[in-house]
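Observations on the model geometry
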Amino acid sequence: VVEAVVGLVGQADHHLDASDLIHNEVLANGEDDDGNGYVDDISGWDFHWNDNDPYDDTRYNHGTFEAETSCGEGNDGGVIGVCPNCMVLSVRTGDAFIMDGDNFARGVIFAADSGADVLQAASGTLGHRAYAHPAMAHAHPRGVPPVCASADQTSSHHNSPSPAPSAPPAQA
């Protein structure tokens, strides 16, 4: 199972992981080898900075926590997630919980087209929903169910992580 964590993705660490692949000259050769329009996207994609490093300068590490909670293997002393044998596809769409809706939509399409089996989004957008609707509609018939958290229960505004009927928000 490939889980696409769309939103905030935290810093890489001292463990060998997918983020280390982008620094390997053999694997990251400066070419779009799979022809999807993204050069060296072997570790996911950063739609905030439009590059192949979804781990850079995130202030909150919220996506890292979400990925660990979902897919943590527990073999490094960390938590065991609900799907410890799942792989994570990192898709960064902003540097704060509230992000540009167009970046979110591009991330959803990228995840669905990259083979994600489930889409996890723990972020929100203010406005720009027109592009998010077709993005979620693009993922749904490909069998990519979204799991979205809005977390705006004490907010003066309403976040919009799941603008499509196929994406029921979950508040935790």
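To start, this report covers the structure provided alongside it.

Criteria and cut-off values
- Residues numbered from 1 in each chain as written.
- Predicted model: local features only at pLDDT ≥ 70, side-chain atom pairs only at ≥ 80, totals over all residues.
- Heavy atoms only, no water.
- Core = buried A, V, L, I, M, F, W, Y, C linked by side-chain atoms within 4.5 Å.
- Buried < 20%, exposed > 50% of the residue type's maximum accessible area, 1.4 Å probe, protein only.
- Helix = DSSP H or I, 4+ residues; strand = E, 2+ residues; numbered from the N terminus.
- Contact = heavy atoms within 4.5 Å.
- Disulfide = S-S within 2.5 Å.

**Section: the nonpolar core**
Ranked by internal contacts, the top residues of the largest apolar core, which has 23 residues, are A111 and L119. Within the residue set of this core, elements represented by two or more residues are β1 (2-7), β3 (87-92), α3 (101-113), β5 (118-121) and α4 (129-139). Looking at this core, the element that brings in the most residues is α3, giving six residues. If near-sequence neighbours (up to four positions away) are discounted, L119 is found in contact with A4, V6, V108, A111, M136, V144, P145, P146 and V147.

**Points about the environment of A67**
Relative to the helices and strands, A67 resides in helix α2 (residues 62-71). For the pair A67 and E3, spaced 64 residues apart in the sequence, the C-alpha separation amounts to 8.3 Å. Those residues within four positions of A67 in sequence are excluded, and the remaining contacts are V5, G72 and V88.

**Things to note about the state of the cysteines**
Here the structure, examined in full by the defined rule, presents one disulfide. Note on cysteine connectivity: C83 is disulfide-linked to C86, with sulfurs 1.7 Å apart. Handedness of the C83-C86 disulfide follows from its S-S torsion of about 65°: it is right-handed. Assessed through its relative accessible area of 25%, C83 is described here as partly exposed.

**Section: unusual backbone geometry**
The backbone of D40 sits at a positive phi, close to 50°, despite the residue not being glycine. For D40, the position within the fold is in the loop between α1 (18-21) and β2 (44-46). The phi angle at N50 is positive, at roughly 55°, despite the residue not being glycine. Secondary-structure assignment places N50 in the loop between β2 and α2. Judged by its relative accessible area of 53%, N50 is exposed.

Taken by themselves, the reported measurements are silent on function.
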